[in-house]
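Summary of the model geometry
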Amino acid sequence: MAVKLRLTRSGSKKRPFYRVVAIEGSTRRDGRPLEFLGYYNPMSNPAEIHLDQEKVQKWISLGAQPSDTVRSLLNQFKA
C-alpha cells in the first residue's frame, strides 16, 4: 500500500479549488481519501494555501510520498 499526498479537484468549471489529501496511490484522483490535510485555492490573488503541518508530518513519517505539486506547495507554505 503506497500512500501519496496529492491534490483532489473540486470547485466549478474554470474555477478550480483543490484539497490536499493523503490517499492510496492506486486510487483515482477524486476517490475517497484517507485524510484531508488542507486546501489550495489558485484563483485568489495571491494563491491561498492552508495545510495542517502536524498531519502532513505524520503522513510523511509513515512513508507517504508527496506528489511534485504538493511538494512545491509544502515549500511555498514553509516560506
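Scoring rules and cut-offs
- Residues numbered from 1 in each chain as written.
- Predicted model: local features only at pLDDT ≥ 70, side-chain atom pairs only at ≥ 80, totals over all residues.
- Heavy atoms only, no water.
- Pairing = 2+ DSSP bridges.
- Helix = DSSP H or I, 4+ residues; strand = E, 2+ residues; numbered from the N terminus.
- Contact = heavy atoms within 4.5 Å.
- Axes fitted to C-alpha atoms, helices over the stretch in contact; angles between N-to-C directions.
- Buried < 20%, exposed > 50% of the residue type's maximum accessible area, 1.4 Å probe, protein only.
- Arc of directions from axis to C-beta.
- Salt bridge = Lys/Arg side-chain N within 4 Å of Asp/Glu carboxyl O.

Right, let's talk about the pairing of strand S1 (residues 3-12) for a bit. Judged from the 10 bridges that link them, S1 and strand S2 (residues 15-24) form a sheet pairing that is antiparallel. Looking at the pairing, Gly11 lines up with Pro16 of S2. Taking the residues that link successive antiparallel strands as the turn, the S1-S2 hairpin has two residues, and the phi of Lys14 there is positive, at about 65 degrees. Taken together, the two bridges between S1 and strand S5 (residues 65-66) define a ladder with parallel strand orientation. Bridge pairing in S5 places Leu5 opposite Pro66.

Turning next to the sheet that holds S1. Here five strands make up an open sheet; going across it, the order is S4-S3-S2-S1-S5 and the pairing mixed. Across the chains shown, the open sheet's two edge strands, defined by having one partner strand only, are strand S4 (48-51) and S5. Across four bridges, the pairing between strand S3 (residues 35-41) and S4 is antiparallel. Following the sheet pairing, Gly38 is matched in S4 by Leu51. Here helix H1 (residues 53-61) sits on the sheet in contact with S1, S2, S3 and S4, set at roughly 120 degrees to S3. Packing against the sheet, helix H2 (residues 68-78) makes contact with S1, S2, S3, S4 and S5, and its axis sits at approximately 90 degrees to S4.

Of the residues making up H2, those classed as buried are Val70, Leu73 and Leu74. Viewed along the axis of H2, the buried residues span an arc of 105 degrees, placing them on a single side of the element. On the buried face of H2, the contacting elements are S1, S2, S3, S4, H1 and S5.

Below, the discussion takes up the pattern of salt bridges. In total, this model carries four salt bridges according to the counting rule given. Of the charged contacts, one joins Lys58 and Glu35 as a salt bridge, the two residues approaching to 3.3 Å between their closest N and O atoms. Placement of Lys58 in helix H1 and of Glu35 in strand S3 is noted, with a sequence separation of 23 residues between them. Put simply, Arg71 and Asp68 hold a salt bridge, and the shortest N to O gap is 3.0 Å. Of this pair, Arg71 and Asp68 both sit in helix H2, three residues apart, which is roughly one turn of that helix.

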